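Here is what each chain is made of, one letter per residue.
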Amino acid sequence: MLAFITDELESAGCAEEIKMQISVAVEEIFVNIFSYAYPPKEGNATIRIDIGGTPAVAQIEMMDQGVPYDPLQRQDPDITLSAEERGIGGLGIFMVKQTMDEVTYRYEDNSNILTIQKAIGR
């Protein structure tokens, strides 16, 4: 999955730093899908990427048919607190929201659909 995203971004002339930000965001989201969407069984996930516009923007859509869950509704962690005071969870989606230009969620046709967008230049 990451090789697919990397290949598409490289073909579009994406800068290395932006490519890394997008790869980390996609990996974080898919780890969450595989960890939480289908308890206690396995399920499928789909990824789509569209690159277009001037300047170029990468739009990546990640879909699963697991438990309905909008990670954007989770309160952002207070990063001024120590790890012990802050508690577990929430840092990954917080990082995604901080590094991407836009992050949206919708539940449609029995699917969780999380979309990230990032200007990649050209």
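For the structure, check the block above.
Right, let's walk through the structure included here. Computed from a predicted model, the values in this text were never measured in an experiment.

### So, the pairing of strand S3 (residues 102-108)
Note: S3 against strand S4 (residues 111-119), seven bridges, orientation antiparallel. Counterpart to Arg106 in the pairing with S4 is Ile113. From the end of S3 to the start of S4, which pair antiparallel, there are two residues, and Asp109 there has a positive phi angle of about 50°.

### Focus: helix H4 (residues 91-99)
Note that an α-helix has 3.6 residues per turn; residues three or four places apart therefore point the same way. What H4 keeps buried is the set Gly92, Ile93, Phe94, Val96 and Thr99. Here the buried face of H4 lies against helix H2 (16-36), S3 and S4.

### Details of the nonpolar core
Within the largest apolar cluster, 27 residues are counted, with the highest numbers of intra-cluster contacts made by Ile22, Val26, Ile60, Met62, Ile116 and Ile120. Of all the secondary-structure elements, those providing two or more residues to this core are helix H1 (2-11), H2, strand S1 (45-52), strand S2 (57-64), H4, S3 and S4. Looking at this core element by element, the count peaks at seven residues for H2. Here Val26 is in contact with Met1, Leu2, Ile5, Ile47, Ile60, Met62 and Ile116, once residues within four sequence places are set aside.

### Overview of the side chain of Lys19
Among the structural elements, Lys19 can be located in helix H2. Among the residues examined, Lys19 registers a relative accessible area of 6% and is labelled buried. Only 2.8 Å separates the side chain of Lys19 from the side chain of Glu10, close enough to count as a polar contact. Every residue in contact with Lys19, bar those within four places of it in the chain, is listed here: Thr6, Leu9, Glu10 and Cys14.

### Section: H1
For H1, the full list of buried residues reads Ile5, Thr6 and Leu9. When H1 is viewed along its axis, its buried side chains cluster within an angular range of 95° and face the same direction. Those residues of H1 that are exposed and angled more than 90 degrees off the buried face are Ala3 and Ser11. Residues of H1 that are buried make contact with H2, S1 and S2. Gly13 sits one or two positions beyond H1 and adopts a positive phi of about 75°.

Definitions and cut-offs
Residues numbered from 1 in each chain as written. Predicted model: local features only at pLDDT ≥ 70, side-chain atom pairs only at ≥ 80, totals over all residues. Heavy atoms only, no water. Pairing = 2+ DSSP bridges. Helix = DSSP H or I, 4+ residues; strand = E, 2+ residues; numbered from the N terminus. Buried < 20%, exposed > 50% of the residue type's maximum accessible area, 1.4 Å probe, protein only. Contact = heavy atoms within 4.5 Å. Core = buried A, V, L, I, M, F, W, Y, C linked by side-chain atoms within 4.5 Å. Polar contact = N/O pair within 3.5 Å; in protein donor to acceptor, adjacent residues only side chain to side chain. Arc of directions from axis to C-beta.

That's the geometry; what it means functionally is another story.
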